[in-house]
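Coordinate inspection notes
Chain by chain, the residues:
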Amino acid sequence: MFKTVRMTVNGKAVELAVDERESLTDTLRERLGLTSVKKGCEVGECGACTVLIDGVSKNSCIYLTVWADGHEIITVEGIRGKNGLLHPVQQAFVDEAAIQCGFCTPGLILTGVELVNSGKKYSRAELRERISGHLCRCTGYENILRALEKVVGSESD
Amino acid sequence: MSSISQSVRKLDHLAKASGAAKYVEDIVLDDMLYGKIVRSTVAHGKIRSIRLPDMPEGYSAVTAADIPGVNNVHIVQDDHPVFSGGEVNYIGEAILMIVGPDKRQVAKFARATEVEYDLLETCFDPKKSDTTFYEYGYEEGDWREAFAEADEVIDEEIFSAHQEHAYMEVQGLIGDYRNGKLTVRGSMQCPFYVHMAVTAVMGMKPEDVNVIADETGGGFGGKEDYPSILGSQVGVASYKVGKPVKCVFDRREDITCTSKRHPAFMRYRIAIKDGKMTAVDADILYDGGGYTTLSMVVLQRGLIGALGIYKFPSYRVHGKAVKTHTVPNGAFRGFGGPQTFFAMELMMNHAARKLGKDPLELRKEYCAKQGDMSPTHGVYHFDIPIPAMLDQLAEASDYHRKVKAYRNQTGRYRRGIGVSSVYHGCGFTGAGERDLIKGVFKLHKRADDTVEILAAAVDMGQGVKTTFRKIAANVLGLPEDRVIIVNPDTARVPNSGPTVASRSIMVVGKLIERAAKRLKAEWKPGEDQLITEKYVHPDFMIPWDLATFSGDPYPDSSWSTNIVEVEVDTMLGLTKILNAWGCYDVGTVIDENIVIGQMEGGLLQSLGHGGIELINYDQSGRIRNNSLSDYIVPTALDVPSLHVMFHKSEYFNGPFGAKAAGELPNVGGSASYIGALECALETDLYQTPFSTEDTMELLEGRRNG
Ligand code: FES
Ligand code: FES
């Protein structure tokens with residue numbers, strides 16, 4: 001069964017007819033060419049496919065595209081400033097060498113953007129908790145935590 | 001700190017942070033079809049019949065009959081089929097590939113393909129295997145006599161289990177055959193391995209085959225040999241259908257059919273006389289799985305390291321790798337070393353307990369020294385900094401106070417602290433660099449005075465593009481942006497060797513340094529210049545002889561000490577890692593951020609193998625936990641802050657004094673973790689991983705007397 005879905009993706013209105021069973025990951029990657037949305041497990045375990053849905057980080061592999069009707073989706077392709085500058089979270093990941101193979105990176109950056117948008121500050125323990133839905137097999141999470149602390153870390157920690 | 005160690009921005013960070021980096025799954029070629037492999041569902045059998053579903057036009061099945069060349073993938077030997085020739089030897093072995101334009105349909109037809117088997121006898125227990133793939137050994141002194149005269153003998157079997165690489169990007173490749181030429185591209189560590197294997201399978205001329213490494217989302221050894229198999233499969237498929245064919249696994253498929261760390265059963269005996277360890281006898285058994293793949297060299301490295309960093313008056317080391325009907329085990333960061341080091345390190349703990357000594361001090365006492373004969377009758381040519389590194393970590397971790405404080409604990413929560421001291425031999429084992437790899441490197445200066453690095457090394461996250469560029473730019477005195485390095489393509493780059501064995505910086509980096517020095521001396525502004533450098537075997541080495549298993553297997557070693565502190569909840573069996581320290585001697589650190597990142601990531605993988613990473617096979621030889629929900633890798637909640645330190649040294653024959661780095665942190669982590677558990681639970685343990693369930697069983701056993 002195909003259904004028409006209207007959503008906003010990275011600021012642009014999109015209208016698509018999609019199979020009801022299609023995951024948002026596949027729609028974003030295969031129809032919209034947003035390949036920053038990675039597939040690491042497709043069962044909601046690794047966080048590589050994370051996107052922001054109305055500002056909230058979600059695993060898009062277990063989110064059906066039809067559910068996205070009427071919602072706003074952000075991927076890493078859509079977070080740069082108007083001037084083309086990196087988002088502060090991206091910049092922090094680059095500066096802190098928080099990227100090795102890069103496969104987990106887009107998802108983690110989006111979780112970082114969500115934290116920035118919350119306006120709150122986070123301790124290292126809280127940050128560990130907030131990124132625990134993301135698997136990174138390359139780093140020991142240290143530089144990722146350091147990058148996030150740079151933008152949303154609480155001084156007290 | 002040497003100026004080369006100052007961190008620079010990593011070359012690939014911008015593309016990776018902005019989502020622009022293209023991994024194989026992101027690459028779509030015109031007219032491209034998708035492939036899905038039908039795999040054996042039995043561990044050992046003969047294929048009786050295959051029934052394909054009805055498929056519309058445009059869909060086809062690719063089988064062994066479509067292979068234009070040989071149905072054997074060259075790895076070390078040539079025994080792994082591209083597609084089964086009739087017999088299958090493990091669950092997950094490839095039988096055929098369904099190819100077609102729609103991914104979902106392809107998967108559906110693959111599922112609907114019916115294969116019938118005549119079942120053959122299976123063997124899942126390496127101790128009962130009747131097929132020995134490889135067997136080696138060496139000895140020194142009268143160890144028999146030492147055991148005969150011993151006051152006491154410690155006799156134990158230590159077990160190290162499978163480990164899954166769990167790189168975040170699953171395996172995937174594209175084959176693109178057109179006009180008599182084949183391109184294979186995608187996720188891999190070793191473009192020229194793939195090239196060699198595919199050329200034979202296709203029966204093509206080497207110059208008609210081109211292999212391109214795209215962005216590779218982690219490897220850890222898992223993409224060393226496997227892409228030779230998958231590359232052959234997509235090559236044959238594309239040849240048959242005349243269009244590009246992409247085959248990217250899903251996670252379950254990846255865990256089911258790709259290599260793992262070899263499980264190892266290691267029986268160690270230590271003779272003790274007058275309070276001294278006088279002999280060690282080690283009998284090592286590696287489970288090779290269904291085919292030989294890389295077991296030959298993995299076993300060699302394991303045996304070379306079987307006595308750890310220690311010197312004993314007499315010893316015997318013997319080991320073999322055998323066949324079982326499970327997925328072939330292969331390269332995993334450390335390459336056979338972590339298993340035997342784990343066993344030796346545990347034996348040191350147990351010996352310390354027997355001798356009433358501190359485990360850390362006992363390590364210092366038995367540590368070999370520069371100039372000593374090595375276990376394989378080579379020589380330790382350079383300083384062995386382990387005692388100093390142990391002291392460095394003891395101080396950083398407050399080890400000696402804690403060891404005392406953690407004696408005779410009562411109550412629900414008990415703490416422990418464990419230590420390990422290990423090495424990783426730098427580069428290929430034995431004479432591999434000289435006789436097999438023969439690395440060639442080129443530096444191309446263009447007329448615009450930019451310089452391109454031409455090497456086969458793949459950046460799978462370890463940062464090799466950045467560090468290679470740094471070495472060249474530093475020698476040439478050029479700004480980094482004037483030095484270019486892109487992903488390797490066998491048609492453009494010379495064979496500088498595979499991205500394995502922690503060899504890239506020490507071996508290829510040395511070639512870069514030499515080429516850059518020459519270019520600098522011969523620099524002609526505005527002219528095109530090409531500099532070629534070839535591997536030169538260090539002349540100080542005692543030649544390695546495999547037949548007698550003797551000589552210098554490596555020019556030098558990188559050294560590491562680890563201390564881990566845990567807290568065990570004796571009610572629930574849960575172990576929390578409170579602290580983990582690692583001290584590393586990798587020679588000159590070529591880029592601090594990059595090397596620290598490598599050490600942290602490698603240490604975490606090793607800690608994962610200590611406690612939570614378990615592969616479960618069922619009785620039919622099937623891996624039960626083939627998803628990331630069931631195979632658990634550490635999250636940010638599973639580790640404390642990791643404390644990484646360096647011991648300064650310089651290796652004269654490495655670029656700027658650098659040695660091997662990448663695998664080192666994967667060698668000693670699990671041993672120090674299990675050592676910490678031994679300390680907390682005040683007992684000897686014999687395996688890795690030691691899980692929550694294992695802890696509960698041990699504690700319940702105690703309660704029940
Ligand atoms: S791919 Fe969605 S959570 Fe792993
Ligand atoms: S950088 Fe490779 S998985 Fe995180």
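Thresholds applied
Residues numbered from 1 in each chain as written. Chains lettered and ligands numbered in written order. Predicted model: local features only at pLDDT ≥ 70, side-chain atom pairs only at ≥ 80, totals over all residues. Helix = DSSP H or I, 4+ residues; strand = E, 2+ residues; numbered from the N terminus. Expected span 1.5 Å × (residues − 1). Buried ≥ 20, exposed ≤ 12 C-beta atoms within 10 Å, placed from the backbone. Pairing = 2+ DSSP bridges. Right-handed = clockwise from strand over helix to strand, strands pointing away. Domains from an automatic or database assignment. Contact = placed C-beta atoms within 7 Å. Arc of directions from axis to C-beta. Axes fitted to C-alpha atoms, helices over the stretch in contact; angles between N-to-C directions. pLDDT = per-residue confidence, 0-100. Nonpolar A, V, L, I, M, F, W, Y, C, P; charged D, E, K, R; others polar.

So, helix α3 (residues 105-118) of chain A
An α-helical turn contains 3.6 residues, so a residue and the one three or four places further along point in the same direction. Residues and elements named next belong to chain A. Taking 1.5 Å of rise per residue, the 14 residues of α3 would be expected to cover 20 Å, and the 20 Å separating its terminal C-alpha atoms lies within 8% of that figure. Listed in full, the buried residues belonging to α3 are Thr 105, Pro 106, Gly 107, Leu 108, Ile 109, Leu 110, Thr 111, Gly 112, Val 113 and Leu 115. Residue Gly 119 follows α3 closely and has a positive phi angle near 75°.

Some points on the pairing of strand β11 (residues 209-213) of chain B
Residues and elements named next belong to chain B. Here β11 lies mainly inside the structure; 4 of its 5 residues are buried. Two elements, strand β10 (residues 181-186) and β11, share 5 bridges in a ladder whose sense is parallel. Looking at the pairing, Val 184 lines up with Val 211 of β11. Crossover handedness for the path β10 to helix α4 (residues 191-202) to β11: right-handed.

Some points on the domain arrangement of chain B
Residue and element names in this part refer to chain B. If you check the domain split of chain B, you get domain 1 (24-121 + 166-257), domain 2 (335-429 + 551-703) and domain 3 (432-534). Its C-alpha centre places domain 2 at a distance of 34 Å from the equivalent point of domain 3. Listed by partner, the interface residues are 21 residues for domain 2 and 19 residues for domain 3.

Section: helix α2 (residues 88-95) of chain A
Every buried residue of α2(A) is listed here: Val89(A), Gln90(A), Ala92(A) and Phe93(A). Buried positions in α2(A), seen along its axis, are confined to an arc of 160° and lie on one side of it. Elements that come into contact with the buried residues of α2(A) comprise α3 and α5 (142-152) of chain A together with α1 (13-17) of chain B. Two residues or fewer past α2(A), Ala97(A) is found with a positive phi of approximately 50°.

Focus on the sheet that holds strand β22 (residues 574-585) of chain B
Residue and element names in this part refer to chain B. Read from one edge of the open sheet, 4 strands run β16-β21-β22-β23, paired in mixed fashion. Where the open sheet ends on each side, the last strands, each with one partner, are β16 (413-425) and β23 (642-646). Strand after strand, the sheet turns through a mean of 15° between neighbouring axes, direction not considered. Sheet topology places β22 next to β23; 5 bridges connect them, and they run parallel. Its bridge partner lying in β23, Cys 583 is registered against Met 645. In this fold helix α16 (residues 669-681) packs onto β16, β21 (557-569) and β22, with an angle of close to 150° to the strand it touches most, β16.

Regarding unusual backbone geometry
Cis geometry marks the peptide bond from Thr688(B) to Pro689(B), where omega comes out at -5°. For Tyr141(A), which is not glycine, the phi torsion reads 70° and is therefore positive. Residue placement: Tyr141(A) occurs in the loop between α4 (124-130) and α5. At Thr293(B), a residue that is not glycine, the phi angle is positive and equals roughly 30°. With respect to the helices and strands, the residue Thr293(B) is situated in the loop between β14 (276-289) and α7 (295-304). With 28 C-beta atoms packed within 10 Å, Thr293(B) lands in the buried category.

Considerations on the confidence of the model for chain B
Residue-level pLDDT values for chain B average 97, and 100% of them are 70 or greater. The ipTM value of the predicted complex is 0.97, and its pTM value is 0.97.

Considerations on the interface of chain A and chain B
In this complex, chain A contributes 40 residues to the contact, which on the side of chain B involves 44 residues. Listed by contribution, the elements that provide at least two residues to the side of chain A that touches chain B are α2, α3, α4 and α5 of chain A. In terms of residue class, the side of chain A that touches chain B is made up of 20 nonpolar, 12 polar and 8 charged.

Brief notes about the domain arrangement of chain A
Residue and element names in this part refer to chain A. Examined at the domain level, chain A breaks down into domain 1 (2-78) and domain 2 (88-152). Each of domain 1 and domain 2 was reduced to a C-alpha centroid, and the two centroids are 21 Å apart. Contacts between the two partners involve 15 residues from domain 1, matched on the other side by 13 residues from domain 2. In terms of residue count, the dominant contributor to the side of domain 1 that touches domain 2 is strand β3 (residues 50-53) (3 residues). Grouping the constituent residues of the side of domain 1 that touches domain 2 by class yields 8 nonpolar, 6 polar and 1 charged.

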